There are 2 protein chains.
Amino acid sequence: MPTIISDAAKRSGVSAKMIRYYESIGLLPQVDRTENNYRTYSESDIHTLRFVRRARDLGYSISNIKHLLSLWRDQHRASADVKRIALDHANSLRHKITEMEAMLQAVEHLAEHCRGDHRPDCPIMDDLAVGLTAPTRGPGIRAHQGTHGRYASQKGLRA
Amino acid sequence: MPTIISDAAKRSGVSAKMIRYYESIGLLPQVDRTENNYRTYSESDIHTLRFVRRARDLGYSISNIKHLLSLWRDQHRASADVKRIALDHANSLRHKITEMEAMLQAVEHLAEHCRGDHRPDCPIMDDLAVGLTAPTRGPGIRAHQGTHGRYASQKGLRA
DNA sequence: GATAGGCTCTACCACCATGGGAAGGTCAAT
DNA sequence: ATTGACCTTCCCATGGTGGTAGAGCCTATC
């Protein structure tokens, strides 16, 4: 009784959908098929699926997992390579966490000062509306914008 | 000199690309056009763009922002509605942060115990390979799977 | 007046991961 | 024979964002 995809999914914790997807993008090798064209999974395949599952649970990106899988299969890997991937990932996690904590802090602070009643006035709204904070993503005032004239007129013919 | 999209982008911190996108999905209203069909932005439009920018910076989803915008425009809003959106968002931020902190903790812990040298053995790999942890996302063992026979044979004719 | 450069417009494609579903095939149990 | 539970491939949607191609428009400069 060969292990077909639903069993592999159950045993690995990776959905059948995702198994096919991972195969299609080359993260997983193409597995054997039965006569009916059903995918079959060996114990080793299941093992690989569990590996991927665990790596996803730890938040590794697909490309990182691709790399980790190749290191896994490499008898002569240097643990330094594995460690570097892990540390890079840890850094990016830390970075994202820091960002989200800043958001959380701001949102919570604002919410604390909102009465939350039937009246309209609300510091949360004020913050959004005023936009006190300096833009961090976009460019501030960029030099030489050359605002001369690049429009026709504003007769405002709106459809 | 009407404010065209690039100026609106500079002044709001929202890229022209995103301004068009937000308009296309109905987050922003359709603005006036010049004779050449160029979008023009009033001070009030810029204000709205800044609102959206700020909300994105705080991590609000597009649908939340849509809601917040409508509350913003509603003179008779209840601050309780605004607060609820903010608190829900704070909760989802907290949830994600918690998840990522768990990942970070696990990855860091493993990395600490990896020598990171030329040798292949590595606790990070061991963790991934063994998959000790119980699956959290997928179903464990689900009842009545009825694994009788749903394959043909495994002669393994591979392509 | 022609041309170059910079801006606009729309309409696509790509990313990352995942889920949903349709349409058709296959198998075992009833 | 029908039912139901699988399988297969293919397409669509999500959320935001970037890129790019092809076309139009405007201004400055030659």
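Please refer to the structure placed before this passage.
Residues numbered from 1 in each chain as written. Chains lettered and ligands numbered in written order. Predicted model: local features only at pLDDT ≥ 70, side-chain atom pairs only at ≥ 80, totals over all residues. Heavy atoms only, no water.

A few points about the pattern of salt bridges
Next up, step 1: For the structure on display, the rule yields 20 salt bridges over all chains.
Next up, step 2: A single salt-bridge network, built from bridges that share partners, covers R115, D117, R119 and D121 of chain A. (Salt bridge = Lys/Arg side-chain N within 4 Å of Asp/Glu carboxyl O.)

Examining empty space enclosed by the protein
Remark: the empty space left among the atoms is shown by a probe the size of a water molecule rolled over them.
All names here are of chain B.
Next up, step 1: Evaluated as defined, the whole model comprises one cavity of 30 Å³ or more.
Next up, step 2: Estimated volume of the largest cavity: approximately 70 Å³.
Next up, step 3: Taken together, I19, E23, L28, P29, V31, Y41, D45, T48 and L49 form the lining of the largest cavity.
Next up, step 4: Counting residues per element, the ones that place at least two in the lining of the largest cavity are α2 (16-24) and α3 (43-57). (1 Å grid on protein atoms, 1.4 Å probe; cavity = no way out; pocket = protein on both sides within 12 Å on 5 of 7 lines; lining within 4 Å. Points joined across faces, edges and corners; volume = space filled by probe spheres on them. Helix = DSSP H or I, 4+ residues; strand = E, 2+ residues; numbered from the N terminus.)

Remarks on α2 of chain B
Residues and elements named next belong to chain B.
Next up, step 1: Those residues of α2 not exposed but buried are I19, Y22 and E23. Relative to the axis of α2, the buried residues are bounded by an arc of 100° and lie together on one face. Across α2 from its buried face, at more than 90 degrees, point the exposed residues K17 and S24.
Next up, step 2: Downstream of α2 by a residue or two, G26 has a phi angle that is positive, lying close to 85°. (Buried < 20%, exposed > 50% of the residue type's maximum accessible area, 1.4 Å probe, protein only. Arc of directions from axis to C-beta.)

Let's talk about unusual backbone geometry
Next up, step 1: In this structure, N37 of chain A is a non-glycine residue whose phi angle is positive, near 75°.
Next up, step 2: Tracing the sequence through the fold places N37 of chain A in the loop between α2 (16-24) and β2 (40-41).

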